[in-house]
Amino acid sequence: NPIHGEASELRVENNLISNNWFGATFDDNSDVVFNSNKVEGSSRYALHFIVNSEAEVQNNIINNNNGGIECADSVCSINDNAIFNNQVFNFRVTGDSNIDLKNNWWGTTSLDSIFDSIDSEVNLLIEPIQNTNEVSFQAPNFIQQDLKNFEINYIPGEEDDLYLYVYPSEDETRRVLHRVGEGL
């Protein structure tokens, strides 16, 4: 998972989270503000809030994931988002959860279609709903550039090496230049 919080107080803002197993997971009494992000292409769920977590989810685009947002045994306030085109569900609630789903865009204004995209055994209040996708997302602008320098000026494992490498044995992709420590 690119973002995971456990028993944490987190503020997650202005991120593009794309093509992961889970977009973000929060559990064990986490307190989360998830604002102005775009989550797409997650193989499992875009957002997952479980085990007594509290979530404030606003102004996000959650689309084209296997599953949208799941809230399990948690308090989730999910407002002013665009949650649509997720394959299995746009929203799922399980366990003893307190949910606020007002003012979201669900890819449609048809209440029947919206409720078909929500997996819940309890009645949820989703109205009012947004009439259009009014949520916009500004992609983050990273100042660093990708470097493609495969030359290193030290031997891995030497004192000039800033990274820890633990190789149990050599394989076809690398040769052991120098072993550091015993029993690693």
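Refer to the structure above for everything that follows.
The model shown is predicted, which means the values in this text are computed figures rather than measured ones.

J.: Please set out the pattern of salt bridges residue by residue, giving values where relevant.
T.: Across all of its chains, the model carries 5 salt bridges by this definition. Here Arg92 makes a salt bridge to Glu70, at a shortest N to O gap of 3.7 Å. One end of the pair, Arg92, is in strand E13 (residues 89-94); the other, Glu70, is in strand E10 (residues 67-72), and 22 residues separate them in sequence. For the residue pair Arg92 and Glu70, the accessibility class agrees, reading buried in each case.

J.: Outline the side chain of Ser53, listing residues and values.
T.: When you line up the elements, Ser53 lands in the loop between strand E7 (45-50) and strand E8 (54-58). Residue class for Ser53 comes out buried when judged on its relative accessible area of 1%. Look past the residues within four positions of Ser53 in its chain and what remains in contact with it is Phe26, Asp27, Asp28, Asn29, Ser30, Asp73, Ser74 and Val75.

J.: I'd like to hear about unusual backbone geometry, residue by residue, with values.
T.: Glu127 connects to Pro128 through a cis peptide bond whose omega is 0 degrees. As for its position among the elements, Pro128 is in the segment after strand E15 (118-119). The backbone phi angle of Asp28 is positive, close to 55 degrees, even though this residue is not glycine. Relative to the helices and strands, Asp28 is located in the loop between strand E4 (24-27) and strand E5 (31-35). The exposure class of Asp28 is partly exposed, given its relative accessible area of 28%.

J.: Before we move on, could you go through the environment of Ile62 and cite the residues and values that matter?
T.: Take Ile62: it is sitting in strand E9 (residues 61-63). Residue Ile62 is classed as buried on the basis of its relative accessible area of 0%. For the pair Ile62 and Val39, spaced 23 residues apart in the sequence, the C-alpha separation amounts to 5.0 Å. Contact partners of Ile62, with chain neighbours within four places excluded, come to Val39, Ala46, Leu47, Gly68, Ile69, Ala82, Ile83, Phe84 and Asn86.

J.: Lay out the pairing of E10 with the relevant residues and their values.
T.: When you tally the buried positions in E10, you get 6 out of 6 residues, the bulk of the element. Two strands pair when backbone bridges link them, and E7 and E10 are joined in this way by 5 bridges, in the parallel orientation. By the bridge assignment, Tyr45 is partnered in E10 with Gly67. Pairing geometry for E10 and E13, over 5 bridges, is parallel. Among the inter-strand pairings, Gly67 is bridged to a residue of E13, identified as Phe89.

J.: Any details on the sheet that holds E5? Residues and values, ideally.
T.: Taken in spatial order, the 5 strands line up as E2-E5-E8-E11-E14 in an open sheet, and their pairing is parallel. Two strands bound the open sheet, and with one partner strand each, they are strand E2 (9-13) and strand E14 (98-100). Taking each pair of neighbouring strands and ignoring which way they run, the sheet shows an average axis angle of 5 degrees. Summarising the sheet, E8 and strand E11 (residues 75-79) pair through 5 bridges and their orientation is parallel.

J.: Any details on the nonpolar core? Residues and values, ideally.
T.: Formed by 29 residues in total, the largest nonpolar core has its most connected members in Phe34, Leu47, Phe49, Phe91 and Leu101. At the level of elements, E4, E5, E7, E8, E10, E11 and E13 are the ones that each hand at least two residues to this core. If you tally residues by element for this core, the top one is E7, at 3 residues. Ignoring any residue separated from it by four or fewer positions in sequence, one finds Phe34 in contact with Val12, Ile17, Ala24, Phe26, Val39, Leu47, Glu56, Val57, Gln58 and Asn60. Ile61, Ala82, Phe84 and Val135 belong to the second-largest nonpolar core, a separate cluster that totals 5 residues.

Definitions and limits used
Residues numbered from 1 in each chain as written. Predicted model: local features only at pLDDT ≥ 70, side-chain atom pairs only at ≥ 80, totals over all residues. Heavy atoms only, no water. Salt bridge = Lys/Arg side-chain N within 4 Å of Asp/Glu carboxyl O. Helix = DSSP H or I, 4+ residues; strand = E, 2+ residues; numbered from the N terminus. Buried < 20%, exposed > 50% of the residue type's maximum accessible area, 1.4 Å probe, protein only. Contact = heavy atoms within 4.5 Å. Pairing = 2+ DSSP bridges. Axes fitted to C-alpha atoms, helices over the stretch in contact; angles between N-to-C directions. Core = buried A, V, L, I, M, F, W, Y, C linked by side-chain atoms within 4.5 Å.

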